[in-house]
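Chain by chain, the residues run as shown.
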Amino acid sequence: DTGVSQDPRHKITKRGQNVTFRCDPISEHNRLYWYRQTLGQGPEFLTYFQNEAQLEKSRLLSDRFSAERPKGSFSTLEIQRTEQGDSAMYLCASSHVGQGQQPQHFGDGTRLSIL
Amino acid sequence: AQSVTQPDIHITVSEGASLELRCNYSYGATPYLFWYVQSPGQGLQLLLKYFSGDTLVQGIKGFEAEFKRSQSSFNLRKPSVHWSDAAEYFCAVGAQGYSTLTFGKGTMLLVSP
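Reference entry: report on the structure contained in this document. Predicted, not measured: the structure shown is a model, and the values here were computed from it. (Residues numbered from 1 in each chain as written. Chains lettered and ligands numbered in written order. Predicted model: local features only at pLDDT ≥ 70, side-chain atom pairs only at ≥ 80, totals over all residues. Heavy atoms only, no water.)

### Describing the sheet that holds strand β3 (residues 19-24) of chain A
Residues and elements named next belong to chain A. Reading across from one edge, β1-β3-β8-β7 is the order of the four strands in this open sheet, with antiparallel pairing throughout. The open sheet has two free edges, formed respectively by β1 (5-7) and β7 (65-68), since each of these has just one partner strand. Adjacent strand axes in the sheet meet at a mean angle of 15 degrees when their direction is disregarded. Summarising the sheet, β3 and strand β8 (residues 75-79) pair through five bridges and their orientation is antiparallel. Bridge pairing in β8 links Phe-21 to Leu-77. (Pairing = 2+ DSSP bridges. Helix = DSSP H or I, 4+ residues; strand = E, 2+ residues; numbered from the N terminus. Axes fitted to C-alpha atoms, helices over the stretch in contact; angles between N-to-C directions.)

### Overview of the interface of chain A and chain B
Facing the 21 residues of chain A at the interface are 20 residues of chain B. Carbon and sulfur atoms make up 52% of the surface buried where chain A meets chain B, a total of about 1,700 Å² over both sides. Inspection of the region where chain A meets chain B yields zero salt bridges. Counting every contact that joins chain A to chain B gives five residue pairs in polar contact (both at pLDDT 80 or more). Contributing elements (two or more residues each) for the side of chain A that touches chain B: β4 (31-37), β5 (44-50) and β9 (88-95) of chain A. Its residues assigned to classes, the side of chain A that touches chain B shows nine nonpolar, eight polar and four charged. (Contact = heavy atoms within 4.5 Å. Buried area = accessible area lost by both parts, 1.4 Å probe. Salt bridge = Lys/Arg side-chain N within 4 Å of Asp/Glu carboxyl O. Polar contact = N/O pair within 3.5 Å; in protein donor to acceptor, adjacent residues only side chain to side chain. Nonpolar A, V, L, I, M, F, W, Y, C, P; charged D, E, K, R; others polar.)

### Topic: the pairing of β7(A)
Where burial is concerned, the two faces of β7(A) differ: the one with A:Phe65 and A:Ala67 is buried and the one with A:Ser66 and A:Glu68 is not. Taking the residues that link successive antiparallel strands as the turn, the β7(A)-β8(A) hairpin has six residues, and the phi of A:Gly72 there is positive, at about 75 degrees. (Buried < 20%, exposed > 50% of the residue type's maximum accessible area, 1.4 Å probe, protein only.)

### Things to note about the side chain of B:Gln2
Residue and element names in this part refer to chain B. Relative to the helices and strands, Gln-2 is located in the segment before β1 (3-5). Overall, Gln-2 belongs to the buried group, its relative accessible area being 18%. The contact partners of Gln-2, leaving out residues within four places of it in the chain, are Ser-26, Tyr-27, Val-93, Gly-94, Ala-95, Thr-100 and Thr-102.

### Observations regarding the pattern of salt bridges
Residues and elements named next belong to chain B. Applying the stated criterion across every chain, the model contains seven salt bridges over all chains. Arg-22 is the partner of Asp-8 in a salt bridge, and the nearest nitrogen-oxygen pair spans 3.0 Å. Of the two residues, Asp-8 is situated in the loop between β1 and β2 (10-14) and Arg-22 in the loop between β3 (19-21) and β4 (24-26); the sequence distance between them amounts to 14 residues. A salt bridge links Arg-77 to Glu-64, with the shortest nitrogen-to-oxygen separation between them at 3.2 Å.

The structure is reproduced here in structure tokens:
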């Protein structure tokens with residue numbers, strides 16, 4: 001059973017640059033979630049998809065952030081014009097909804113550092 | 001809106017001693033409750049979950065947690081801690097029919113020899 005996969009594991013970029021992260025969920029999972037975790041904090045919800053539909057977005061998700069899940073499989077999270085405050089661990093999780101309640105399973109995250 | 005409080009930022013336990021990590025939640029109905037563990041630089045691993053039924057739930061690695069509705073708590077316990085248990089532990093709550101999780105700020109567990 002392959003777990004949730006995230007790429008890259010680490011990203012260092014200069015302020016103002018655009019970055020894109022990828023998440024591959026567990027294959028049979030129809031829900032995919034993005035969270036952000038800053039130092040000393042728990043993960044905070046950003047957005048989630050059911051299949052290809054983006055169903056909810058947090059107020060944390062400014063207009064510089066965009067997420068897609070074009071075919072209901074993998075997802076990308078893009079941050080445009082990065083700022084120092086975007087430095088964080090970006091976590092992806094997936095779950096299956098439809099056969100009772102199932103927990104979310106997390107990937108190892110992408111750590112973003114803004115210079 | 002739901003919220004989670006983990007009152008202890010750090011806890012140090014001797015190897016072989018018992019462990020209890022505290023978690024209090026705020027939610028108007030019966031919540032879904034979870035404990036996750038995170039090693040440095042890694043993602044979160046699910047330890048155990050409560051959806052309904054028996055209020056004492058067993059998880060992986062010898063962990064258990066008890067849901068106490070009257071105290072709005074879901075404390076994590078382990079009878080004998082191993083050095084490999086040193087990590088950060090997060091409690092999380094989800095609403096029924098949940099789509100998102102709300103996490104506490106975590107408790108860092110240090111294990112002394």
